[in-house]
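Examination of the molecular architecture
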Amino acid sequence: MEVSPECPRRGGGPVLVRRRSPVPLGLRETLKARLWRSCTCSTRGAWAWVQDLLPATRWLRQYRPREALAGDVMSGLVIGIILVPQAIAYSLLAGLQPIYSLYTSFFANLIYFVMGTSRHVSVGIFSLLCLMVGQVVDRELLLAGFGPAQDGPGPAANGSAANASATATGLGPPDCGQDCYAIRVATALTLVAGIYQVLMGILRLGFVSAYLSQPLLDGFAMGASVTILTSQLRHLLGVQIPRHQGLGMVVSTWLSLLRSIGQANLCDVLTSATCLVVLLAAKELADRCRHRLKVPLPTELLVIVTATLVSHYGQFHERFGSSVAGDIPTGFVAPRVPDPGLMWRVVLDAVPLALVASAFSISLAEMFARSHGYSVRANQELLAVGCCNVLPAFFHCYVTSAALSKTLVKTATGCRTQLSSVVSAAVVLLVLLALAPLFRDLQRCVLACVIVVSLRGALRKVRDVPQLWRLSPADALVWVATAATCVLLSVEAGLLAGLVLSLLSLAGRTQRPRAVLLAQIGDTGFYEDAAEFEGLVPEPGVRVFRFAGPLYYANKDFFLRSLYGLTGLDAGQAAARRKERGPGAGAGEGDAVGGVDLGPAGSSAALMPTEGGFHAVVIDCAPLLFLDAAGVATLRDLRRDYGALDITLLLACCSPLVRNTLRRGGFLGDDPGDAAEEAQLFHSVHGAVQVARARRREAAATDSTL
């Protein structure tokens with residue numbers, strides 16, 4: 001390999017740098033070494049494994065109460081206060097009784113405290129997941145002969161009529177009513193989704209969530225938020241309409257609302273308007289004064305307590321027919337194994353749930369870890385979130401994940417470690433054991449208001465689309481397509497459409513990367529795009545080509561078209577024409593093929609090719625991330641065609657990965673440092689250009705001598 005002019009010099013002379021020859025391990029040796037490391041057991045290794053699986057066993061020993069306890073207790077209390085009204089409200093989305101949302105919040109906080117690697121993430125119920133759970137629950141209830149979940153007007157109508165009809169027809173399970181069957185569906189779905197997440201963590205598939213790009217997640221959040229808002233309008237207006245299922249659910253719901261608008265409950269409408277004004281005003285005030293407020297105002301809790309008292313003493317349910325939350329029992333229900341038959345029915349529905357929950361949890365954990373100067377482990381996060389679903393599924397809980405809004409509040413109130421999750425769980429436990437029945441007369445329209453106001457952040461993301469379009473039209477298209485598909489079809493279809501478009505966008509960027517010709521910057525050894533910069537000096541007779549992407553089967557044709565178009569010479573067709581004209585048409589017998597050595601030439605055609613007007617092509621391989629078999633074959637054929645035209649092909653700035661691929665593909669010799677590699681690969685573009693220039697001068701001198 002050539003000695004580059006930029007090489008370090010020692011004692012006034014150039015230093016020759018060669019790459020060490022790798023010592024490849026065979027497949028058998030590699031598997032044997034990994035198996036030995038996995039099977040070797042010691043006390044220290046076992047304890048390290050336990051600490052990796054349960055990170056709390058490591059950081060609790062280093063916990064500093066004087067520095068962290070006050071902030072953890074404060075943030076835990078605030079999150080616990082926020083969790084209670086949200087848990088009761090989000091039960092509407094999931095189609096379940098409020099007690100199950102409280103169970104979910106309690107167990108999720110405790111499990112993530114033990115297994116999570118993030119210090120700040122708040123894991124619990126999440127509106128988007130509640131919506132997806134609710135859609136599966138409603139579908140299974142209808143298939144079992146029950147009516148839509150939680151459509152009764154009050155405590156006396158918690159599905160009793162539907163239970164009776166379903167039992168009479170023999171479609172529903174004889175030992176289980178509507179509410180019982182709903183939570184069975186939810187727990188089966190939760191267990192399957194948790195198993196998926198645990199398996200992803202065991203198989204080290206944490207990187208899979210990275211394919212759910214941020215524009216995809218933002219568009220999905222936007223579309224799902226519109227779907228959630230639409231589903232809550234019936235509670236805000238107090239109308240009785242069916243919960244639509246399948247494709248076009250949002251459009252069907254809006255049509256039903258327009259047909260039933262005359263049946264709106266005036267009490268619910270006035271209550272909803274009042275609560276929305278109070279909640280939105282309080283949120284705007286909190287946003288403007290967030291730097292002055294040390295603790296966020298528990299607006300949702302205050303509104304829920306006030307609305308419960310007014311509804312109870314005003315007898316809104318009895319006098320105006322307003323729908324209320326109903327009886328919320330205290331204590332815990334005996335654990336139950338999820339129904340295996342239901343698990344098989346929801347095995348496909350759990351896939352998008354597991355992916356969305358994993359993507360949001362990992363992205364939030366990594367975001368807050370970067371902002372606070374520590375690291376998280378994506379695979380351990382998958383295990384933690386998966387266990388937050390697998391274990392609580394036996395205790396009547398449903399799917400959970402990290403939530404951005406509560407995590408932001410947790411950080412703002414001084415959280416230092418996950419000990420705050422234990423405090424939050426204690427607050428929820430207090431409500432479970434004593435305070436839950438007090439919310440019996442809480443109007444459902446108030447809970448719907450809490451849900452709608454919590455969507456502010458996701459709905460505001462639509463303002464980011466213009467800036468995203470200016471930054472990356474492809475990402476903006478993914479955002480809009482994902483949101484539109486969620487709204488017009490379904491949230492599952494929106495997630496699938498966003499994922500497909502993201503992968504197509506990624507493939508498109510690698511399939512048609514930027515290709516340019518380079519020219520020298522003055523007398524330096526640096527080269528830049530000749531079309532983008534002025535004042536560059538092109539090298540006479542040498543074309544320097546840069547392809548800013550990998551070279552593989554999907555873009556090899558684009559690579560050739562770009563090279564031929566920029567250089568003005570289709571080497572394949574020109575070589576074929578010269579071959580048809582015969583060996584004596586343009587090149588002498590001494591012309592080398594392959595660009596390794598020009599050799600003595602028998603005619604002036606060897607000095608200046610009649611086609612193209614250049615004698616060497618240098619490919620800048622620095623942006624070339626990888627090559628596959630088709631890419632190596634493309635370079636091999638290109639070298640052959642250029643060699644037939646007496647044009648030298650040189651490669652510069654090849655990474656070790658590209659070098660190894662070229663060697664394995666037969667483009668180079670088998671031994672590193674052989675003559676073929678020395679003559680074709682260069683450490684810098686400038687070095688390759690200088691060698692091409694020197695070879696040309698040598699060929700010209702030889703020709704003049706002859």
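Residues numbered from 1 in each chain as written. Predicted model: local features only at pLDDT ≥ 70, side-chain atom pairs only at ≥ 80, totals over all residues. Heavy atoms only, no water.

**Observations concerning the overall build of the protein chain**
What counts is decided by this rule: Helical segments are the DSSP runs of H or I of at least four residues, strand segments are the runs of E of at least two, and each set is numbered from the N terminus. Burial classification: accessible surface area is computed with a 1.4 Å probe over protein chains only, and a residue below 20% of its type maximum counts as buried, one above 50% as exposed, and the rest as partly exposed. Contacts were defined at the residue level, with two residues in contact if any of their heavy atoms lie within 4.5 Å. The Shrake-Rupley method, run with a 1.4 Å probe sphere, supplies the accessible areas, and residue values consider only the shown protein chains as cover.
Helix and strand counts for the protein chain stand at 29 helices and ten strands. Out of the 706 residues in the protein chain, the part that is buried amounts to 51%. Put simply, of all contacts in the protein chain between residues at least 6 apart along the chain, 81% involve residues at least 24 apart. Carbon together with sulfur atoms contributes 64% to the accessible area of the protein chain, which is approximately 32,900 Å² in total.

**A look at the environment of tyrosine 564**
Among the secondary structure elements, tyrosine 564 is positioned in helix α24 (residues 556–567). Those residues in contact with tyrosine 564 that sit more than four places away from it in its chain are Leu569, Asp570, Ala571, Gly572, Leu638, Asp641 and Tyr642.

**Side note on the layout of surface pockets**
Using the following cut-off: Here a cavity means grid points, on a 1 Å grid over the protein atoms only, where a 1.4 Å probe fits yet cannot get out; a pocket means an open set of points with protein on both sides within 12 Å along at least five of seven lines; lining residues are those with an atom within 4 Å of a point. Grid points are joined across faces, edges and corners, and a volume is the space filled by probe spheres set on the points.
For the second largest pocket, the calculated volume is near 610 Å³. In this structure, the second largest pocket is lined by 22 residues; those nearest its centre are Trp59, Gln62, Arg119, Arg416 and Thr417. Every element with two or more residues in the lining of the second largest pocket is listed here: α3 (56–59) and α4 (65–94).

**Observations concerning the environment of leucine 489**
Following the sequence through the fold, leucine 489 ends up in the loop between α22 (473–488) and α23 (491–511). In sequence terms leucine 489 and valine 251 are 238 residues apart; their C-alpha atoms lie 8.7 Å from each other.

**Some points on the pairing of strand β8 (residues 616–620)**
Stated formally: Any two strands between which DSSP finds at least two bridges are classified as paired. By convention, a crossover is right-handed whenever its connection, traced from the first strand over the helix to the second and viewed with the strands pointing away, goes clockwise.
Most of β8 is tucked away, with five of its five residues classed as buried. Across the two faces of β8 the burial is the same, with Ala616, Val618 and Asp620 and Val617 and Ile619 all buried. As paired strands, strand β7 (residues 542–547) and β8 are joined by five bridges and run parallel to one another. Looking at β8, one finds that phenylalanine 545 is bridged to isoleucine 619. In the classification by handedness, the crossover that spans β8, the intervening helix α26 (residues 629–644) and the parallel strand β9 (residues 648–652) is right-handed.

**Overview of the environment of tyrosine 103**
Following the sequence through the fold, tyrosine 103 ends up in helix α5 (residues 98–115). The spacing of tyrosine 103 and alanine 87 is 16 residues in sequence and 9.1 Å in space, taken between C-alpha atoms. Excluding anything up to four places from it in sequence, tyrosine 103 contacts Gly331, Phe332, Val333, Phe395, His396, Cys397 and Leu432.

**Quick look at the side chain of aspartate 72**
This is how it is decided: Here the positive residues are Lys and Arg and the negative ones are Asp and Glu; neither His nor the chain ends is included. When a carboxyl oxygen of Asp or Glu is within 4 Å of a side-chain nitrogen of Lys or Arg, the pair counts as a salt bridge. Under this definition, polar contacts are N or O atom pairs within 3.5 Å; protein pairs additionally need one hydrogen-donor-capable and one acceptor-capable atom, and for neighbouring residues in sequence, both atoms have to be side-chain atoms.
Inspection of the secondary structure puts aspartate 72 in helix α4. Although aspartate 72 is buried, it makes no salt bridge; arginine 416 carries the closest opposite charge, 6.8 Å away. At 2.7 Å, the side chain of aspartate 72 and the side chain of tyrosine 63 are in polar contact. Apart from the residues within four sequence positions on either side, aspartate 72 is in contact with Tyr63, Gly414, Cys415, Arg416, Thr417, Leu419, Ser420 and Val423.

**Thoughts on the packing of aromatic side chains**
The cut-off we apply is this: A pair of Phe, Tyr and Trp rings is counted when the ring centres sit within 6.5 Å of each other, with Trp represented by its six-membered ring. The angle between the planes then sorts it: under 30 degrees is stacked, over 60 is edge-to-face, the rest tilted.
Scanning all chains against the criterion turns up 16 aromatic pairs. Seen from their ring centres, tyrosine 103 and phenylalanine 332 are 5.4 Å apart, and the 15° between their planes marks the pair as stacked. Taken together, the residues span a long stretch of sequence, with tyrosine 103 in helix α5 and phenylalanine 332 in the loop between α13 (316–320) and α14 (340–345) at a distance of 229 residues. A residue is classified by how much of its surface remains accessible, and tyrosine 103, at 1% relative accessible area, is buried. Ring geometry for phenylalanine 545 against phenylalanine 559: centres 5.6 Å apart, planes inclined by 75°, an arrangement best described as edge-to-face.

**Topic: unusual backbone geometry**
Positive phi, close to 60°, is recorded for arginine 204, a residue that is not glycine. Residue placement: arginine 204 occurs in the loop between α8 (178–202) and α9 (214–237). Residues other than glycine seldom take positive phi values, yet cysteine 653 does so here, at roughly 60°. Since its relative accessible area comes to 26%, cysteine 653 is described here as partly exposed.

**Brief notes about the packing of α5 against helix α18 (residues 419–435)**
Here is the rule we go by: Helix axes are fitted only over the stretch in contact, all axes being lines through C-alpha atoms; the angle between N-to-C directions runs from 0 to 180 degrees. Angles below 35 degrees are treated as roughly parallel, those above 145 as roughly antiparallel, those between 65 and 115 as roughly perpendicular, and all remaining angles as oblique. Crossings are sorted by hand: turned counterclockwise from the far helix by less than a right angle, the near helix makes the crossing left-handed, and turned clockwise it makes it right-handed. Under the convention adopted here, Pro, Cys and the residues Ala, Val, Leu, Ile, Met, Phe, Trp and Tyr are nonpolar, Asp, Glu, Lys and Arg are charged, and Gly plus all remaining residues are polar.
Contact geometry for α5 and α18: axes closest at 8 Å, N-to-C directions at 155°. Classed by the angle they form, the pair α5 and α18 counts as roughly antiparallel. The handedness of the crossing between α5 and α18 is left-handed. Where α5 approaches α18, its residues Ile99, Leu102, Tyr103, Ser105, Phe106, Asn109, Leu110 and Phe113 are matched on the opposing element by Leu419, Ser421, Val422, Ser424, Ala425, Val428, Leu429, Val431 and Leu432. Counted by class, the contact of α5 with α18 contains 13 nonpolar, four polar and no charged residues.

**What about the sheet that holds strand β6 (residues 527–529)?**
Here six strands make up an open sheet; going across it, the order is β6-β5-β7-β8-β9-β10 and the pairing mixed. Every interior strand has two partners, whereas the edge strands, β6 and β10 (681–682), have only one. Relative to β10, β9 runs parallel, the two being bridged by two bridges. From the neighbouring strand, leucine 651 faces β10, where its bridge partner is leucine 681. Running over the sheet, α24 touches β5 (515–520), β7 and β8 and is turned about 145° from β7.

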